[in-house]
Amino acid sequence: MRINVARLRHIEGSSQDFSFSEVFPSLEIGGEEYVFEEPVNVNLNVINTGKSLLVRGNISSVLKVNCSRCLKEMAYKLNLKFDDEWIPSEYAKQGDEDNALIFDNDEFSIDSRIIEHILVSLPMRFVCSEECKGLCPVCGVDKNENNCTCSDEVIDPRLEILSKWNKGV
Ligand SMILES: [Zn+2]
Ligand SMILES: [Zn+2]
């Protein structure tokens, strides 16, 4: 996604809307690959405040991920809003690059910034449904589909010692 701010950049107070729809390569997170099932849609409203461009945006797409409980593949709908600041390099101060996009030319790519916003928005774990019962830790059966006779009780070894002690063993 390349954006051109030539018109916007030189008129303080001006604003412009942009919208993009682009196929993104898959994301690599912690050794796992997340594939975008749909193009990434980005809508932006950008305002020139004089020293920088203030951005309000929203991103939507669908990621193919796995449920952390039952491990089944699932579609995760991305739909997030974000605020951002894009600063021309001549106004950028040291450290600005940590929370803003610094640009040199009238035209620049916003891909890595968009990916950062996506990464920050993702949950630690994906769950196919709040009711997902997951896999049995003993036999591995998908408890949404089958019942097993394994005991649900997983005894904490520290508690086991305590219960023996209580019984005077
Ligand atoms: Zn699940
Ligand atoms: Zn089981």
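Here the structure is shown first, and the text comes after it.
Summarised in this report is the structure supplied together with it. (Residues numbered from 1 in each chain as written. Chains lettered and ligands numbered in written order. Predicted model: local features only at pLDDT ≥ 70, side-chain atom pairs only at ≥ 80, totals over all residues.)

This brings us to the pairing of strand β7 (residues 73–88). As defined by bridge partners, strand β6 (residues 53–66) adjoins β7 across 14 bridges and the pair is classed as antiparallel. Following the sheet pairing, Ile59 is matched in β7 by Leu80. Hairpin remark: β6 followed by β7, antiparallel, with six residues in the connecting loop; positive phi at Leu71, about 70 degrees. Pairing analysis gives three bridges linking β7 to strand β8 (residues 101–103), with the strands arranged parallel. Paired with Trp86 across the two strands is Leu101, which belongs to β8. (Pairing = 2+ DSSP bridges. Helix = DSSP H or I, 4+ residues; strand = E, 2+ residues; numbered from the N terminus.)

Take the nonpolar core next. Judged by nonpolar contacts, the single largest core of 14 residues is most densely connected at Val42, Val55, Ile59, Trp86 and Ile114. Of all the secondary structure elements, the ones that give two or more residues to this core are β5 (40–48), β6, β8 and α2 (111–121). No other element matches the four residues that β5 contributes to this core. If sequence neighbours within four positions are ignored, Val42 has contacts with Met1, Ser19, Phe20, Gly57, Ile59 and Ile114. (Core = buried A, V, L, I, M, F, W, Y, C linked by C-beta atoms within 7 Å. Buried ≥ 20, exposed ≤ 12 C-beta atoms within 10 Å, placed from the backbone. Contact = placed C-beta atoms within 7 Å.)

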